[in-house]
Amino acid sequence: MALREAEFPLSFSTVTAQCSCELRLHNEVDIYLVIENISDNFCIVENAKTAKGYTQVKVFSTTFENFLPLEQALVKEFCTRSQSGEYYLSSKAICRKLASCVSNLSKDILEDNADQHARRLPFCNNPDGDVFTPSVSPYTVNLIPTLHLPGCWPVCASWLRNCNRTWPGNTLKEQVLNGGIQLVPSPETESWKISFRNARRCLLQTEHLEEKGCCLRIFQVIAESDLCRPKGLLPLHLENIFLWASKRFCGAKDWSRSELPQRFLEMLAALYKCLKNGDCHDFFIPTVNMFANLSENNACILASKVEDILIDPYKYLSFSAN
């Protein structure tokens, strides 16, 4: 078991959006809401009871000893209690509270501008992930309450801490580790999913960015234009494959302009293999399959499309250039 003191909120009165967004699909975006007004009466629990990539947030018993009865009741509103009597911060309760707050805040705006088709903001479970989702046509916006833990690095991703490879170099690795992790809700399990969003962003902004970035952008454009149907392939998956390629081809010359076509084809081949096998290993936690929720039929169709691109990549690259 790994324990770490951390800080978390007692209310949603100071939830703020830190302009931290990620495009999930062409009409779907994740907005991460960082919770402030925090206290140091919580700890992270990573043990055998949680699946790889997930964790629990345990509330110290001293939290309730130091609070007034009203404050204790407020904390317990956001918690679930185990059979042994211990309290854990509930991701499901956090999501419900956020949904209620957003619905209440938006009620007046929607009523002032509503017609017969737009009088309320519906929330539903996001089948791909993490939180209750407000659907706004033509876009879906996923509001994700996020707990940022700078300097905290989980045991399940300890390989990076012990890694001595050329990439990432020591300076970059320390920057990633010091940036820590984020926790996002997993309402269906009451636990929290470990997110490496900041770490991934840091690694993507590495040295030789111009050449490597060009290769990644081409990869993303091809996917957006030709692999958007059926749904299932996300920008996160492409970035994950790109990180594996960066780890394997870690020399500057490997990403020189003359080598970019070869790197691009290798990443396409890696994507094809992942789709064909229905298995995409997470860069930070290799035992986690990022395609676990991708249906076999959709994976097969997408694999066939990637195979077509591999057979004649110039046709697709010419189309994208236009």
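If you're wondering where the values come from, they're calculated on a predicted model, not measured in any experiment. (Residues numbered from 1 in each chain as written. Predicted model: local features only at pLDDT ≥ 70, side-chain atom pairs only at ≥ 80, totals over all residues. Heavy atoms only, no water.)

Most of helix H6 (residues 197-204) sits inside the fold, with six of its eight residues counted as buried. Burial in H6 covers these residues: Arg197, Ala199, Arg200, Cys202, Leu203 and Leu204. (Buried < 20%, exposed > 50% of the residue type's maximum accessible area, 1.4 Å probe, protein only. Helix = DSSP H or I, 4+ residues; strand = E, 2+ residues; numbered from the N terminus.)

The subject of this paragraph is the nonpolar core. Ranked by size, the top nonpolar core spans 67 residues in total, and within it Trp153, Leu183, Phe196, Phe219, Leu271 and Phe284 carry the most contacts. The residues touching Phe196, leaving out its near neighbours within four places in the chain, are Trp153, Pro154, Ala157, Ile181, Gln182, Phe284 and Ile285. Formed by five residues, the second largest nonpolar core is a distinct cluster that contains Leu33, Leu98, Val141 and Leu143. (Core = buried A, V, L, I, M, F, W, Y, C linked by side-chain atoms within 4.5 Å. Contact = heavy atoms within 4.5 Å.)

Glancing now at the state of the cysteines. By definition, a disulfide is the covalent link that joins the sulfur atoms of two cysteine residues. What the rule picks out here adds up to zero disulfides. This cysteine, Cys156, is not joined by any disulfide, and Cys152 carries the nearest cysteine sulfur, 9.8 Å off. Left unpaired, Cys250 is separated from the closest cysteine sulfur, that of Cys163, by 9.4 Å. (Disulfide = S-S within 2.5 Å.)

All told, the structure shown has nine aromatic pairs when counted by the stated rule. Ring centres of Trp153 and Phe284 lie 6.2 Å apart, and the angle between their planes is 70 degrees; on these two criteria the pair is classed as edge-to-face. You can see Trp153 sitting in the loop between strand E10 (139-149) and helix H4 (158-161) and its partner Phe284 sitting in the loop between helix H9 (260-277) and helix H10 (296-311), a full 131 residues away along the chain. Look at Trp153 and you get buried, because its relative accessible area is 9%. On the basis of relative accessible area, Phe284 is assigned to the buried category, the value being 4%. An aromatic cluster of at least three residues, connected via ring pairs, comprises Trp153, Trp159, Trp167, Phe196, Trp244, Phe283 and Phe284. (Phe/Tyr/Trp six-rings, centres within 6.5 Å; stacked < 30°, edge-to-face > 60°.)

This part is about helix H8 (residues 235-248). Quick reminder: α-helices carry 3.6 residues per turn. Residues three or four places apart thus point the same way. Between the first and last C-alpha of H8 there are 20 Å, a value that for 14 residues agrees with the 20 Å anticipated at 1.5 Å per step. Most of H8 sits out of view: 10 of its 14 residues are buried. Looking at H8, one finds that the buried residues are His237, Leu238, Glu239, Asn240, Ile241, Phe242, Leu243, Ala245, Ser246 and Lys247. (Expected span 1.5 Å × (residues − 1).)

This part is about the confidence of the model for the protein. Mean pLDDT over the protein stands at 80; residues scoring 70 or higher make up 78%. Of all secondary-structure elements in the protein, the lowest mean pLDDT belongs to strand E1 (residues 2-9), at 35, while H10 reaches the highest, 96. The low-confidence segment residues 1-17, where pLDDT is below 50, has 70 contacts with residues more than four positions distant or belonging to other chains. In this model, residues 127-132 is a region of pLDDT below 50 whose contacts with residues beyond four sequence positions or in other chains number 27 contacts. (pLDDT = per-residue confidence, 0-100.)

Moving on to the packing of H6 against H8. Between H6 and H8, whose axes approach to 11 Å, the crossing angle comes to 55 degrees. One finds that H6 runs oblique with respect to H8. The element H6 and its partner H8 pack so that their crossing is left-handed. Residue-level contacts link Arg200, Arg201, Leu203 and Leu204 of H6 to Leu236, Glu239, Phe242 and Leu243 of H8. For the contact of H6 with H8, the residue count by class is five nonpolar, no polar and three charged. (Axes fitted to C-alpha atoms, helices over the stretch in contact; angles between N-to-C directions. Parallel < 35°, antiparallel > 145°, perpendicular 65-115°, else oblique. Left-handed = near helix turned anticlockwise from the far one by under 90°. Nonpolar A, V, L, I, M, F, W, Y, C, P; charged D, E, K, R; others polar.)

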